[in-house]
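Here's the letter readout for the chains.
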Amino acid sequence: MRRRSLFPQVVIDRDTESEESSSDDEEEEGEANVVLPEEETIEESKNKGKTSITITLKKVCKVCKKTGHEAGFRGATYIDCPMKPCFLCKMPGHTTVTCPHRVATEYGVPHKNTTNPLEFVFQRQLHPRVSPIKPAYVIPDQVHCAVIRYHSRRVTCLEFHPTNNNILLSGDKKGQLGIWDFGKVHEKTVYGNIHNCILNNIKFNPTNDGSIYAASSDGTISCTDLETGISFSLMNLNPNGWEGPSSWRMLYGLDVNSDRNVVLVADNFGYLYMADIRSNNIMNKPTLIHKKGTKVVGLNCNSLQPDLLLSCGNDHFARIWDMRRLEAGSSLYNLEHKRVVSSAYFSPLSGSKILTTSLDNRIRVWDSIFGNLDYPSREIVHSHDFNRYLTAFRAEWDAKDSSESLVVIGRYISENYDGAALHPIDFINISTGQLVAEVMDPNITTISPVNKLHPREDILASGSSRSLFIWRPKKLDIAHPRQEKRMVLCGEVSKTHSKQHGDKSDDDSENDIFRSKDNGLKQKKLASKSSSYSSRGS
DNA sequence: AGCCTATGCAGCC
DNA sequence: TGGCTGCCCTAGGC
């Protein structure tokens, strides 16, 4: 606070008499550690034996510490540091504002409301002569209901119930499991005693849709009965407890192979583990499937060819395996990426395509039929690289799309939407590279890295910070006009186990519910035009 | 209100 | 390899 208020003028009292300095002086010296570029003015005067120095600081770019420019928000538009490579495509020579991969927004193309799918095209097709075809995708573009601050930490994963269309499961950084019946908006449960740190992935038991498996950074796989919340550990990789970070195992990737009745998980040291669903026994020895010592963040079984397994991780590879011959180094293909691969999924219907998300800000499609797996058949530049404090973004297929071309992923960088800096959720046609729709709500000012499309209905579930949102197509919502009752505000959830039915806070108005500490801060950062906010989406 | 800082992060030097 | 640093991040605490 003090530094901000003094900026750009700092007055330093320096003790010239002795080497020893009082605690006050030390504090002031701390202030003087601010970078002092060329143009500071120093003025000294004797005052009670101390030398007083007045320094005028020239503003410095917070990114490169150089003068002459400043990175940061101008209103709701972020201006990059020109000394760095493009924040979006990572190439030198330009910034995000002039990046050819950026969706044109405030620079010419008018923004309409989100009623119709927006028509902005990423200029990034590998085959630019192929004219983009816009299928009649149905985009869930309007918030239908939400649970605000449902989780006590950020949401890490989402999973729809395989048979009950209204049930959404969610996991968070603290290890808690949420069960939300968004059909009866107020029916929500949180189990807090299953895991004690990050719940990385959830999968339903294929033989019993009343129970789920979850992989956690506490090193266990849990099997939980959804009705009772009673769970047992299928696997515990840290039976001796904490013995330091070099030995603590965390489980990330998780999938279930229903043909083989196997649960597969992978850890932060590159190993794959398997457990038999029927006997609950751990099978075989762990197999090194990625570079030793690196995190395996994703596992995915091919739904059509049960012998195929896909993995991805921090060694910058996605790898394809034959389940019949699983041993270190025996992968069928190694899909190379420039940075960490946060997700890799087989296409849901044919299983012949692979969709990967890498921290190099590219979504890649690998086609085993119309291409080879040596190179991706398409690379789409998209902003999803992040720094910290966020769940990793994962591009996911729309299982309802028979053409296997529609994909959803949250966007990291914000866009200036009528003066508000919002982070949309993008729908991308991966066969053309076209941005089919960018979905946002002016009340959601935080990033939405976790997104899941409903396997059977035109519904999108998104997790943003601690909150969950259900999106439906606007035209369908006419039959179900948005009501205040659809928004549920959750306070803190108890640490152990809490069931919440029909909270009293439900009667809050919509605006009150959305208004949070975080929201207030963010809006202040926005441009003054926030009054046009409320006109959007109405 | 404004800081600070956590960061079972990742990257880089 | 280890230690430092970090561009649009978040929540919580002082």
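Preceding block: the structure.
Position labels on residues start from 1 in each chain and follow its written sequence. Think of it this way: whatever chain is written first is A, whatever ligand is written first is 1, and the rest follow in order. A pLDDT threshold of at least 70 governs which residues receive local features in this predicted model, and a stricter bar of 80 or more applies before side-chain atom pairs are shown or counted, although totals over entire chains, interfaces and linings include all residues. No hydrogens and no water enter the side-chain calculation; it runs on all heavy atoms of the structure.

S.K.: Sorry, what's going on with the overall build of chain A here?
M.R.: Across its full length, chain A holds five helices and 37 strands. A burial count over chain A gives 54% of its 538 residues as buried. Considering only contacts within chain A whose residues lie at least 6 apart along the sequence, 53% involve residues at least 24 apart. For the area figures, the Shrake-Rupley method with a 1.4 Å probe applies, and any residue is considered shielded solely by the protein chains shown. For chain A, the accessible area works out to roughly 25100 Å², and carbon and sulfur atoms hold 50% of it. Only DSSP runs of H or I with at least four residues qualify as helices, and only runs of E with at least two residues qualify as strands; both kinds are numbered from the N terminus onward. Partly exposed residues are those whose accessible area sits between 20% and 50% of the maximum for their type, while under 20% is buried and over 50% is exposed, using a 1.4 Å probe and protein chains only. Throughout, a residue-residue contact means that at least one pair of heavy atoms, one from each residue, lies within 4.5 Å.

S.K.: Would you take a moment to explain the pattern of salt bridges for this structure?
M.R.: Between side chains of opposite charge, a pair can form when the charged atoms approach closely. One side-chain nitrogen of Lys or Arg within 4 Å of one carboxyl oxygen of Asp or Glu is enough to make a salt bridge. Taken as a whole and judged by the stated rule, the model has 19 salt bridges. One salt bridge in this structure joins E159 and K452, with 3.5 Å as the shortest N-O distance. Of this pair, E159 sits in strand β7 (residues 155-160) while K452 sits in strand β33 (residues 450-453), and the two are 293 residues apart along the sequence. For E159, a relative accessible area of 14% translates into the label buried. Judged by its relative accessible area of 15%, K452 falls in the buried class. Of the charged contacts, one joins D255 and K203 as a salt bridge, the two residues approaching to 3.9 Å between their closest N and O atoms. With D255 in strand β15 (residues 251-257) and K203 in strand β11 (residues 199-205), this pair connects stretches of sequence that are 52 residues apart. Judged by its relative accessible area of 6%, D255 falls in the buried class. Taken together, the shared-partner salt bridges in this structure form one network comprising R102, R411, E415, D426 and E438.

S.K.: Could you clarify how one ought to interpret the nonpolar core in this entry?
M.R.: By size, the foremost hydrophobic cluster in this structure holds 25 residues, and its most contacted members are L355, I363, F393, Y412, I428 and I430. For this core, the secondary-structure elements that each account for two or more residues are β25 (362-367), β26 (378-381) and β28 (406-410). Residues contacting I430, with those up to four places away along its chain left out, are K353, L355, V365, R378, I380, W397, E404, S405 and V407. Put simply, a nonpolar core is a bunch of buried Ala, Val, Leu, Ile, Met, Phe, Trp, Tyr and Cys residues held in one set by side-chain atoms that sit within 4.5 Å of each other. Core analysis: the second largest hydrophobic core is formed by 19 residues, V143, I425, V439 and W471 among them.

S.K.: Just checking my understanding: could you explain the sheet that holds strand β23 (residues 341-346) for this structure?
M.R.: Two strands pair under a simple rule: DSSP has to find at least two bridges between them. In space, the four strands of this open sheet follow the order β23-β24-β25-β26, with antiparallel pairing throughout. Every other strand in the sheet has two partners, leaving β23 and β26 as the edge strands with one partner each. The sheet shows a mean angle of 15° between the axes of neighbouring strands, direction not considered. Pairing geometry for β25 and β26, over four bridges, is antiparallel. Of the residues in β26, the one forming a bridge with I363 is I380. Axes here refer to lines fitted to C-alpha atoms; in helices the fit is confined to the stretch in contact. Angles between the N-to-C directions go from 0 to 180 degrees.

S.K.: Got a minute to help me understand the environment of L390 in this structure?
M.R.: Assignment of secondary structure puts L390 in the loop between β26 and β27 (396-397). Put simply, L390 and L332 are 58 residues apart on the chain and 32 Å apart in space, counted from C-alpha to C-alpha. Leave out the neighbours within four places in its chain, and L390 touches R154, Y412, I447 and P449.

S.K.: Got a minute to help me understand the packing of aromatic side chains in this structure?
M.R.: Each aromatic ring pair is specified by the distance between its two centres and by the angle formed by the two planes. Two rings from Phe, Tyr or Trp (for Trp, the six-membered ring) form a pair when their centres sit within 6.5 Å of each other. Planes less than 30 degrees apart are called stacked, planes more than 60 degrees apart edge-to-face, and all others tilted. By the definition in use, this model includes seven aromatic pairs. Residues F386 and F393 carry aromatic rings whose centres are separated by 6.2 Å and whose planes lie at 55° to one another, so their mutual orientation is tilted. Considered together, F386 and F393 belong to a single accessibility category, that of buried residues. The interplanar angle of 85° and the centroid separation of 6.5 Å between the aromatic rings of F393 and Y412 together place this pair among those described as edge-to-face.

S.K.: For this particular structure, what's the right way to read the sheet that holds strand β16 (residues 262-267)?
M.R.: Backbone-to-backbone hydrogen bonds pair the strands of a sheet. The strands run either parallel or antiparallel. Pairing in this open sheet of four strands is antiparallel, and the strands run β15-β16-β17-β18 from one edge to the other. One side of each edge strand has no neighbouring strand; the edge strands of this open sheet are β15 and β18 (282-288). Taking each pair of neighbouring strands and ignoring which way they run, the sheet shows an average axis angle of 20°. For strand β17 (residues 271-276) and β18, the ladder comprises four bridges, and the chain directions are antiparallel. Residue pairing in the sheet places A275 in a bridge with I282 of β18.

S.K.: Which parts of the structure should I look at to understand unusual backbone geometry?
M.R.: Backbone phi values are negative for most residues with the exception of glycine, while trans is the configuration of most peptide bonds. In this model, Y389 sits at a positive phi of 65°, which is unusual for a non-glycine residue. What makes Y389 exposed here is its relative accessible area of 65%. A positive phi angle, near 50°, is found at E404, a position not held by glycine. Among the structural elements, E404 can be located in the loop between β27 and β28.

S.K.: How do you make sense of the state of the cysteines when you look at a structure like this?
M.R.: Each disulfide consists of one covalent bond between the sulfur atoms belonging to two cysteines. Cysteine sulfur atoms that pair up within 2.5 Å are treated as a disulfide. All chains considered together, the criterion is met by zero disulfides. Of all cysteine sulfurs in the structure, the one in C81 sits closest to C61, which takes part in no disulfide; the separation is 3.8 Å. Of the cysteine sulfurs around C301, a residue in no disulfide, the closest is that of C312, at 13 Å. Note on C301: relative accessible area 11%, which makes it buried.

S.K.: Any chance you could explain the pairing of strand β9 (residues 177-181) here in plain terms?
M.R.: Burial of β9 is extensive: five of the five residues sit out of reach of the surface. Inspection of the sheet shows β9 paired to strand β10 (residues 187-191) by five bridges, in the antiparallel sense. Its bridge partner being in β10, I179 is matched across the sheet by T189.

S.K.: I keep staring at the side chain of H384 and nothing clicks. Help me out?
M.R.: Within the element layout of this structure, H384 appears in the loop between β26 and β27. Pairing of N or O atoms within 3.5 Å defines a polar contact, subject to two protein rules: one partner must be a possible hydrogen donor and the other a possible acceptor, and residues neighboring in sequence count only if both atoms are side-chain atoms. Among the polar contacts made by the side chain of H384, one reaches the main-chain carbonyl oxygen of S358 at a distance of 2.8 Å. Looking at H384, its side chain comes within polar contact range of the side chain of H382, at 3.0 Å.

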